[in-house]
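Breakdown of the fold
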Amino acid sequence: MTVKVSMTVNGKAVSAEVEERTLLVNYIRENLRLTGTHVGCDTAQCGACTVHLNGRAIKSCNIVAMQAEGADILTIEGVAKSDGTLNTMQEAFREHHALQCGFCTPGMVLSAMDLVKNFPDPSEREIREQLDGNLCRCTGYHNIVKAIKAAAATMRG
Amino acid sequence: MYSFNYNRVKSVAEAAAALVKGEDVKLLAGGQSLIATMKLRLSKPSDLIDLGTISELRGIKVEGSTVTIGAMTRHAEVAASQEVKKAIPALASLAGSIADRQIRNMGTMGGSVAHNDPSADYPAGLLGLGATIQTNKRKIAADDFFKGMFETALENGEIITAVSFPVPKRAAYIKFKNPASRYAIVGVFVAETASGMRVAVTGASPGVFRVPEMEKALAAKFAPESVANIKVSDKGLNSDIHAKADYRAHLVTVMAKRAVEAALRG
Ligand SMILES: Cc1cc2nc3c(=O)[nH]c(=O)nc-3n(C[C@H](O)[C@H](O)[C@H](O)COP(=O)(O)OP(=O)(O)OC[C@H]3O[C@@H](n4cnc5c(N)ncnc54)[C@H](O)[C@@H]3O)c2cc1C
Ligand code: FES
Ligand code: FES
């Protein structure tokens, strides 16, 4: 059976007929063709599938699309300004070379945005602890931590 | 994942009615344990009843010396709540130590308590604080609720609506965590409550349990050295690649000592 699911993704109202068991990540990637949200583990461990649901980072491989009915979803495609200007976190990742292959990066950026909202002035230790839902298989953590610290400083102004 | 029917409800009464309609109807809270087990095809519900849209199940209330937390309140909300931090800081920090940021933004009090994973953190908090589980049918003391691995006193058609916690004099929770999942290899919750000392252990055995010898020793003197030499038997404790039973038994004493130290620090 299929059901209708509707939500706002990156500011745009979207809706589709999906099977009830469709995971949010599959809806985003396959129906909406927003392939910046990655699937690394499909078991809620790696954080590559992180998106914001009503402003909070969640793992989109671990909920069904129906759980996001009516919600406001932000994926990596909606983070930069429409003219392509990177947001503060993305810019800090670029500046500090916080990505190697880039596979974990969309999830890292969205998770880091939630982190800084909750810890506006995080210590290095806090960043490492609070980023524990995201794995980087290139193990480039050092520069990721630097980027998040710098982005937090910029956001504090 | 096998296919299922998805149902959205507006009230606990509606959810309760839907829950008894079939054999394999299941409640869906955040899905953080349930969706994972369904993906592995370990669970095959015919219907899911989503509690996510029932607003009466959310929120935190402090009345006198009781903190009541709605079943659909997320771990992240408990961890960040100024009221919980003030009344029972040990509970806020326990919630903040569950899983990771993303799981804490979806996972719920009711889901964790109903699931009763042998390594979950909330069961230790509930048992350690002497909490009361409220359902659509009755109130159940934590001492009577947890029945061993993934088993609880919940009956067919019963829905957890909230959990209420008496504010303790002092309390702390310390866990030796699995660094990958953050689940407790051993976690110990220690509390000095109006009704006496309570020491609750999670992760060590198939179900959360209390340690009466430690409680007695702490009642005589609330100090780390009171528990430092009390050993629990390793018989029946969990043994896996992360920790053997004798190591878990050892950790119970070490975590209990650290929890008492933390409770004294406040
Ligand atoms: C990667 C990962 C790491 C984790 N690490 C930890 C950890 O360190 N510590 C820890 O404690 N937990 C951990 N968890 C589990 C997490 O805390 C979940 O939130 C918790 O297991 C319950 O999930 P949920 O609230 O989304 O409930 P669901 O998964 O939706 O439901 C769980 C079960 O409870 C039932 N249920 C749900 N709500 C109710 C209700 N109100 N009344 C009756 N039955 C109900 C459901 O039918 C289902 O059987 C982890 C999970 C993941 C995926
Ligand atoms: S793909 Fe979702 S956490 Fe790894
Ligand atoms: S940059 Fe390659 S996985 Fe993180």
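Above this text you will find the structure in question.
In this report, we go over the structure that sits alongside the text. (Residues numbered from 1 in each chain as written. Chains lettered and ligands numbered in written order. Predicted model: local features only at pLDDT ≥ 70, side-chain atom pairs only at ≥ 80, totals over all residues. Heavy atoms only, no water.)

In this section: the pattern of salt bridges. Going through the model one piece at a time under the given rule, you end up with 22 salt bridges over all chains. Between R156 of chain A and D121 of chain A there is a salt bridge; the shortest N-O distance is 3.2 Å. Here the residue R156 of chain A occupies a position in helix α5 (residues 141–156), and D121 of chain A occupies one in the loop between α3 (105–118) and α4 (124–130), the gap between them amounting to 35 residues. The shortest N-O distance in the salt bridge between D121 of chain B and K175 of chain B comes to 2.9 Å. Of this pair, D121 of chain B sits in the loop between α7 (109–115) and α8 (122–129) while K175 of chain B sits in strand β9 (residues 170–177), and the two are 54 residues apart along the sequence. Judged by relative accessible area, D121 of chain B falls into the buried class, the value being 4%. (Salt bridge = Lys/Arg side-chain N within 4 Å of Asp/Glu carboxyl O. Helix = DSSP H or I, 4+ residues; strand = E, 2+ residues; numbered from the N terminus. Buried < 20%, exposed > 50% of the residue type's maximum accessible area, 1.4 Å probe, protein only.)

Attention now goes to the nonpolar core. The biggest cluster of nonpolar side chains holds 56 residues, and the ones touching the most others in it are I69, V113, Y122, L126, F165 and F189 of chain B. A domain-level breakdown of this core finds at least three residues from each of domain 1 (1–53) and domain 2 (170–265) of chain B. The contacts of Y122 of chain B, once residues within four sequence positions are left out, are H75, V78, L91, L94, A95, I98, M109, S112 and V113 of chain B. Listed in part, the 34 residues of the second largest apolar core include V14, L24, I28 and I73 of chain A. (Core = buried A, V, L, I, M, F, W, Y, C linked by side-chain atoms within 4.5 Å. Domains from an automatic or database assignment. Contact = heavy atoms within 4.5 Å.)

Once that is clear, we can look at the interface of chain A and chain B. Taken together, the contact between chain A and chain B spans 30 residues of the former and 27 residues of the latter. Both faces considered, chain A and chain B share a buried interface measuring about 2,300 Å² in area, 48% of it formed by carbon and sulfur atoms. Residue R182 of chain B is joined to D132 of chain A by a salt bridge in which the shortest nitrogen-to-oxygen separation is 3.4 Å. Across the contact surface, chain A and chain B share 18 residue pairs in polar contact (both at pLDDT 80 or more). Of all the elements in the fold, those that place two or more residues in the side of chain A that touches chain B are β4 (56–59) and α3 of chain A. For the side of chain A that touches chain B, the class distribution of residues is eleven nonpolar, ten polar and nine charged. (Buried area = accessible area lost by both parts, 1.4 Å probe. Polar contact = N/O pair within 3.5 Å; in protein donor to acceptor, adjacent residues only side chain to side chain. Nonpolar A, V, L, I, M, F, W, Y, C, P; charged D, E, K, R; others polar.)

This part is about the sheet that holds strand β7 (residues 139–141) of chain B. All names here are of chain B. One open sheet accounts for five strands, arranged β4-β5-β8-β6-β7; its pairing is antiparallel. Two strands lie at the open edges of the sheet, namely β4 (60–63) and β7, each paired on one side alone. Along the sheet, successive strands turn relative to each other by an average axial angle of 20 degrees, direction set aside. Where strand β6 (residues 132–135) meets β7, three bridges bridge the pair, whose relative direction is antiparallel. (Pairing = 2+ DSSP bridges. Axes fitted to C-alpha atoms, helices over the stretch in contact; angles between N-to-C directions.)

Residue and element names in this part refer to chain A. Two elements in contact, helix α2 (residues 88–95) and α5, have axes whose closest approach is 8 Å; the angle formed by their N-to-C orientations is 135 degrees. By the angle between their directions, the pair α2 and α5 is classed as oblique. In this structure, the crossing between α2 and α5 has a hand that is right-handed. Each of T88, M89, A92 and F93 in α2 lies in contact with α5, whose residues at this interface are I144, A147, I148, A151, T154 and M155. (Parallel < 35°, antiparallel > 145°, perpendicular 65-115°, else oblique. Left-handed = near helix turned anticlockwise from the far one by under 90°.)

Without other data, these values stay purely geometric and don't point to any function.
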